[in-house]
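Each chain, letter by letter, is given below.
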Amino acid sequence: EDQVTQSPEALRLQEGESSSLNCSYTVSGLRGLFWYRQDPGKGPEFLFTLYSAGEEKEKERLKATLTKKESFLHITAPKPEDSATYLCAVQPYSSASKIIFGSGTRLSIRP
Amino acid sequence: SQTIHQWPATLVQPVGSPLSLECTVEGTSNPNLYWYRQAAGRGLQLLFYSVGIGQISSEVPQNLSASRPQDRQFILSSKKLLLSDSGFYLCAWCILGTASGNTIYFGEGSWLTVV
C-alpha cells in the first residue's frame, strides 16, 4: 500500500537554528514527490517537485532532497515567517491520478 | 494563468442538512480535479478525484458524493450531513504529463462546521 510518513509531527526552533524535516514514503514506483507549505486556514502552497533520487531543489532558505526511500526539507537559518505546516505528498506510477499526502510537520520559529 | 475558485469559504450547517461545495478552475482544459478533507491539525485525506466529465473515483466510503458536470467544475455534495463531516475541504487540480510536472494546485478551502 502506498504510504507517506512525516516526522517530526511538530518542531520548534529558535530563529536562525537550522534543521530538517523528514518524509518517508512507500510507493510502487515514484512518479513525483511534492512539498507544500500550509498556513493556518489556507490551502497548501506548492514549494517543490522532485522526480528522481539525488535530485535537489532550493528556494530561499529551503532545500528539498530526495532518496529512494525518503525526502528531506532542510531549512537554513529560519525566520519567524517560515512558521507553517509543511506537507509532503507522493504520486505513484501505479495510479498517477492519485496524490497521497503525509500528515505534515508543524514548524514554529521563535524570534 | 490558471486559477482555482472554491466557495463558500465558511459555512455552518445543522446535522441532517444538505451540502453543496463548488469548485471551478480557469485557464486550463481537461484537468484532473480533486476533493480533499483536512481535520483540525491533521493531514489531507483524498475523498474524490475526477479525470474527466462524469468520471468520479471515490476513495473513502461515506455519505458524501461528487459530481463533475462540466470540464472545469467539481461539486461536493451530501444529502444529510453528520457531525463527523466537519472539517476543512480543499479542491485541487493538476494536469498530468506536462512541463508543470503533474503538480497539484489547491484552492483556498472551505470550512464546514456541522452543529
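Scroll up a little and you will see the structure.
Q: Sorry if this is basic, but what is going on with the environment of Val27(A) here?
A: Residue and element names in this part refer to chain A. Structurally, the position occupied by Val27 is in the loop between strand S3 (19–26) and strand S4 (30–38). On the basis of relative accessible area, Val27 is assigned to the buried category, the value being 18%. C-alpha separation for the pair Val27 and Leu13, spaced 14 residues apart in sequence, amounts to 31 Å. Not counting residues within four places of it along the chain, the set of residues in contact with Val27 comprises Asp2 and Pro92.

Q: Would you explain the side chain of Arg37(B) in this entry?
A: All names here are of chain B. Take Arg37: it is sitting in strand S4 (residues 32–38). Reaching out from Arg37, the side chain makes a polar contact with the side chain of Tyr89 at a distance of 3.1 Å. Ignoring any residue separated from it by four or fewer positions in sequence, one finds Arg37 in contact with Gly43, Leu44, Gln45, Leu47, Gln62, Leu64, Ser84, Asp85, Ser86, Phe88 and Tyr89.

Q: Sorry if this is basic, but what is going on with the pairing of strand S9 (residues 87–94) of chain B here?
A: In the case of a regular strand, side chains alternate between the two sheet surfaces. Residue and element names in this part refer to chain B. Most of S9 is tucked away: eight of the eight residues are buried. Pairing geometry for S4 and S9, over seven bridges, is antiparallel. Across the sheet, residue Gln38 finds its bridge partner in S9, namely Phe88. Judged from the three bridges that link them, S9 and strand S11 (residues 110–114) form a sheet pairing that is antiparallel. Paired with Tyr89 across the two strands is Ser110, which belongs to S11. With two bridges joining them, S9 and strand S10 (residues 105–106) adopt antiparallel strand pairing. Bridging from a neighbouring strand, Ala92 pairs with Phe106 of S10.

Procedures and definitions
- Residues numbered from 1 in each chain as written.
- Chains lettered and ligands numbered in written order.
- Predicted model: local features only at pLDDT ≥ 70, side-chain atom pairs only at ≥ 80, totals over all residues.
- Heavy atoms only, no water.
- Helix = DSSP H or I, 4+ residues; strand = E, 2+ residues; numbered from the N terminus.
- Buried < 20%, exposed > 50% of the residue type's maximum accessible area, 1.4 Å probe, protein only.
- Contact = heavy atoms within 4.5 Å.
- Polar contact = N/O pair within 3.5 Å; in protein donor to acceptor, adjacent residues only side chain to side chain.
- Pairing = 2+ DSSP bridges.

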